[in-house]
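Chains, contacts and geometry: an overview
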Amino acid sequence: SDAAFTIGPLKVLLDDHALPDFDDFTDRIRAARTWDRGVAVHCVTAAELALSLAAFAAAGARPGDRIEHGGVIAPDAIGQLCDLGLTVVTQPAFVRERGDRYLRDVDPADQGDLYRCASLAAAGVPVAASSDAPYASPDPWLGIAAAIDRRTAAGVVLGRDERVSPESALALYLDDPAAPGRAPRRVEVGAVADLCLLKAPLLDVLAAPSAEFVAATIIDGVVV
């Protein structure tokens, strides 16, 4: 077997126009428990999130279960996420790459609910970030910059209150992939040599995050 691949969470892909039967959804969560697997729900809309929260509440949630995207999270859902112990894996780069479209098409009353970050972390919800490539840029530095300033491609701030510090933005990308939002990795003896070597001091890089500062990317000890 290839050590690069492991059995991860059960993935549930929701579609707002064809949501699953509630009992079927909860049965899938319970089945994952018999296999000792977590559950990851692809959840973009408010309706998908409401169904997911209800299903986890009925079937039981456990550390490692996660909401992927969390594209629209209403304020009253934040406490439910926290109570259930669910992690949210968000995509800050969508603010940069799609934010102008959101500002045009999404009701202004709902724009503050888009791709939350700071409010989730403040409430105690574990938060991590991903790119969702190929649907957005795979460049993590673009995501880090967007998490810090929440600026769209046109320079408009979307979700001002969801901005995070540069250090917190970087931390969104540093967790163990098997435990996003819950297990920060460290450079230490015995750790897997997955590293990003920079050309400048980290504080300087975080002042203007960009892949241009990357000197080398090392995966499992090999410069790639």
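A short tour of the structure in this document, coming up.

Calculation notes
Residues numbered from 1 in each chain as written. Predicted model: local features only at pLDDT ≥ 70, side-chain atom pairs only at ≥ 80, totals over all residues. Heavy atoms only, no water. Helix = DSSP H or I, 4+ residues; strand = E, 2+ residues; numbered from the N terminus. Contact = heavy atoms within 4.5 Å. Areas by Shrake-Rupley, 256 points an atom, 1.4 Å probe, with all protein chains shown as cover. Pairing = 2+ DSSP bridges. Salt bridge = Lys/Arg side-chain N within 4 Å of Asp/Glu carboxyl O. Buried < 20%, exposed > 50% of the residue type's maximum accessible area, 1.4 Å probe, protein only. Axes fitted to C-alpha atoms, helices over the stretch in contact; angles between N-to-C directions. Parallel < 35°, antiparallel > 145°, perpendicular 65-115°, else oblique. Left-handed = near helix turned anticlockwise from the far one by under 90°. Nonpolar A, V, L, I, M, F, W, Y, C, P; charged D, E, K, R; others polar. Phe/Tyr/Trp six-rings, centres within 6.5 Å; stacked < 30°, edge-to-face > 60°. Lys NZ or Arg CZ within 6 Å of the ring centre and 35° of its normal.

Here's the deal with the overall build of the chain
Scanning the chain for helices and strands turns up eight helices and eight strands. Taking the principal axes of the C-alpha coordinates as reference, the chain spans close to 55 × 50 × 30 Å. Considering only intrachain contacts with a sequence separation of at least 6, the fraction spanning at least 24 residues in the chain is 68%. Total accessible area on the chain stands at roughly 11,700 Å², and carbon and sulfur atoms take up 56% of it.

Observations regarding the sheet that holds strand E6 (residues 195-198)
In any sheet, the strands associate via hydrogen bonds between backbone groups, in a parallel or an antiparallel arrangement. Read across the sheet, three strands follow the order E6-E7-E8 without closing on themselves; strand pairing throughout is antiparallel. Where the open sheet ends on each side, the last strands, each with one partner, are E6 and strand E8 (222-223). Pairing of strand E7 (residues 214-219) with E8, which is carried by two bridges, proceeds in the antiparallel orientation. Bridge pairing in E8 links isoleucine 218 to valine 223.

Thoughts on the pattern of salt bridges
One pass over the full model with this rule turns up nine salt bridges. In this structure, the salt-bridge partner of aspartate 27 is arginine 30, at a minimum N-O distance of 3.7 Å. Highlighted residues: aspartate 27 and arginine 30, both in helix H1 (residues 22-34), separated by three residues, approximately one helical turn. Of the residues examined, aspartate 27 reaches a relative accessible area of 47% and is grouped as partly exposed. The exposure class assigned to arginine 30 is partly exposed, which follows from its relative accessible area of 39%. Here arginine 33 and aspartate 65 are joined by a salt bridge, their closest N and O atoms 2.4 Å apart. Of this pair, arginine 33 sits in helix H1 while aspartate 65 is found in the loop between helix H2 (46-59) and strand E3 (66-69), placing the two residues 32 residues apart along the sequence. With a relative accessible area of 0%, aspartate 65 lands in the buried category. Connected via shared salt-bridge partners are Lys11, Arg66 and Glu68.

A word on the packing of H2 against helix H3 (residues 75-84)
For the pair H2 and H3, the least separation of the axes is 11 Å and the interaxial angle reads 30°. In terms of their interaxial angle, H2 and H3 are classed as roughly parallel. Crossing handedness for the pair H2 and H3: left-handed. From H2, Leu49, Leu53, Phe56 and Ala57 reach across to H3, where they touch Ala77, Gln80, Leu81 and Leu84. Among the residues forming the contact of H2 with H3, the class breakdown is seven nonpolar, one polar and no charged.

What about the packing of aromatic side chains?
One pair of aromatic rings is described through two measures. These are the centre distance and the angle between the planes. The tally for this structure, following the rule as stated, stands at two aromatic pairs. Ring geometry for phenylalanine 94 and tyrosine 115: centres 5.3 Å apart, planes at 90°, overall edge-to-face. One end of the pair, phenylalanine 94, is in helix H4 (residues 93-105); the other, tyrosine 115, is in the loop between H4 and helix H5 (118-123), and 21 residues separate them in sequence. Plain terms: the ring middles of tyrosine 102 and tyrosine 115 are 6.2 Å apart, the flat faces sit at 15° to each other, and that makes the pair stacked. Residue tyrosine 102 is found in helix H4, and its partner tyrosine 115 is found in the loop between H4 and H5; the two are separated by 13 residues along the sequence. Accessibility classification places tyrosine 102 together with tyrosine 115 in one group, the buried group. Chaining the aromatic ring pairs together yields one cluster made of Phe94, Tyr102 and Tyr115. One cation-aromatic arrangement involves arginine 98 over phenylalanine 94; the distance from NZ or CZ to the ring centre is 4.0 Å.

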